[in-house]
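# Descriptive analysis of the structure
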Amino acid sequence: MFRSRSKEADAPAATPAQEERSVRDPQAPKGRPTPKRSEAEAQRRAARKPPADRKEAARRAREQRREALARQREALLTGDERHLPARDRGRVRRYVRDFVDAKFHVAEFFLPIAVAILVLSMLPWLAARNLALLLWLVVIIMIVLDSVLMTRRLRRELRDRFPGENLRGTSSYALMRSLQMRRMRLPRPQIKRGESPR
């Protein structure tokens, strides 16, 4: 009404197709896929207002930390690489876990053997105590030998399979995993005994 005529002449006239697009039937398809629930929730979280005070910020940080820990715990049980802790992530670490899980190791039976030796050492007979000491010696030697052989084989396999990758810390990672009983290992074993590592 108050614009000059030259501006009205320059403005392009709305085409009928544009008018049809602006007035859309509510039952008609919207022309884009429905977002997944996780995407919609992420958009809602991003659109949330920033925290008003320090208490609110701390509460949100606690919630985020709790959610991240829950995802991490689930990943440790299922083997999901995306949410594993940094020390367990990557194809080299996965191969190390599979390498350890594929075979029996003396170290994984250390805890039950130690309990048996402890019971033997508490018996009142001198022969039982001497047997317990001898068993301690034999078990420790067997664990050391098995661990040395395992780490040598593992290093050779890793150098052949992953040339140029950072292999730092893989031996200690394998030793710590072999010390745990199979059913207590986290991340859970993904292969059965006797299978070849992936």
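Starting from 1, residues in each chain are numbered consecutively following that chain's sequence as written. Note on the predicted model: pLDDT of at least 70 is required for a residue's local features to be given, and 80 or more for side-chain atom pairs to be given and counted; whole-chain, interface and lining totals, by contrast, use all residues. To get the side-chain values, all heavy atoms of the structure are used, and hydrogens and water are removed first.

### Description of the overall build of the protein
Each helix is a run of DSSP H or I of at least 4 residues and each strand a run of E of at least 2, with the numbering of both proceeding from the N terminus. Assigned secondary structure in the protein consists of eight helices and zero strands. Going residue by residue from the N terminus, the α and β elements of the protein occur as α-α-α-α-α-α-α-α. Type-normalised accessible area, obtained with a 1.4 Å probe on protein chains alone, sets the label of each residue: buried when under 20%, exposed when over 50%, and partly exposed for intermediate values. Expressed as a percentage of its 198 residues, the buried residues of the protein come to 22%. At a minimum sequence separation of 6, the contacts of the protein that also span at least 24 residues come to 62%. Accessible areas in this description were obtained via Shrake-Rupley with a 1.4 Å probe; residue shielding takes into account the shown protein chains only. Carbon and sulfur atoms provide 58% of the accessible area of the protein, an area that totals close to 15,400 Å². Note on definitions: a residue-residue contact is assigned when non-hydrogen atoms from the two residues lie within 4.5 Å.

### With respect to the environment of threonine 151
Residue placement: threonine 151 occurs in helix H7 (residues 126-161). Residue threonine 151 is classed as buried on the basis of its relative accessible area of 9%. In this structure the C-alpha to C-alpha distance between threonine 151 and serine 172, which are 21 residues apart in sequence, comes to 8.6 Å. Residues contacting threonine 151, with those up to four places away along its chain left out, are Ser171 and Leu175. Looking at threonine 151, its side chain comes within polar contact range of the main-chain oxygen of valine 148, at 3.0 Å. As used in this structure description, the phrase polar contact means that two N or O atoms lie within 3.5 Å; if the pair is within protein, one of them must be able to donate a hydrogen and the other to accept it, and residues adjacent in sequence are counted only when both atoms belong to side chains.

### Remarks on the confidence of the model for the protein
On average, residues of the protein score 86 in pLDDT, and 84% of them are at 70 or above. Within the protein, helix H2 (residues 16-22) has the poorest average pLDDT of any element, 52, and H7 the best, 96. Confidence per residue, as judged by the predictor, is encoded in pLDDT with a range of 0 to 100.

### Some remarks on the side chain of arginine 93
The topology assignment puts arginine 93 in helix H5 (residues 91-101). Within the local environment of arginine 93, its side chain forms a polar contact with the backbone oxygen of arginine 87, the two atoms lying 3.1 Å apart. Here arginine 168 takes part through its backbone oxygen, which lies 3.4 Å from a polar atom of the side chain of arginine 93. Setting aside anything within four residues of it in sequence, one finds arginine 93 in contact with Arg87, Asp88, Arg168, Gly169, Thr170 and Tyr173.

### Section: the nonpolar core
In this structure, Val92, Tyr95, Val96, Phe99, Val100, Met150, Leu154, Leu158, Phe162, Tyr173 and Ala174 together form the largest nonpolar core, which totals 11 residues. Sorting the residues of this core by element identifies H5, H7 and helix H8 (170-179) as the ones contributing at least two each. With five residues, H5 is the single largest residue contributor to this core. The residues contacting leucine 158, other than those within four sequence positions of it, are Val92, Tyr95, Val96, Pro163, Leu167 and Thr170. Ala107, Ile117, Ala132 and Ile143 belong to the second-largest nonpolar core, a separate cluster that totals five residues. Residues enter a nonpolar core if they are buried and are Ala, Val, Leu, Ile, Met, Phe, Trp, Tyr or Cys, with the set joined through side-chain atoms within 4.5 Å.

### Examining a nonpolar patch on the surface
A cluster of nonpolar side chains, Leu131, Leu134, Leu135, Leu137, Val138, Ile141, Met142 and Leu145, forms an exposed patch at the surface whose accessible area comes to about 700 Å². On the secondary structure map, leucine 135 appears in helix H7. Leucine 135 sits in the partly exposed class, given a relative accessible area of 31%. For patch building, the residue pool is restricted to those with more than 30% relative accessible area and no salt bridge; the joining distance is 9 Å between like charges and 5 Å between nonpolar side chains (Val, Leu, Ile, Met, Phe, Trp, Tyr). The term salt bridge refers to a pairing of a side-chain nitrogen on Lys or Arg with a carboxyl oxygen on Asp or Glu at a separation within 4 Å.

### Observations regarding a positive patch on the surface
Asp and Glu are treated as the negative residues and Lys and Arg as the positive ones, with His and the ends of the chain left uncounted. Each charge is placed at NZ for Lys, CZ for Arg, CG for Asp and CD for Glu. A contiguous patch of positive charge, built from Arg152, Arg155, Arg156 and Arg159, is present on the exposed surface. Considering the arrangement of structural elements, one finds arginine 159 in helix H7.

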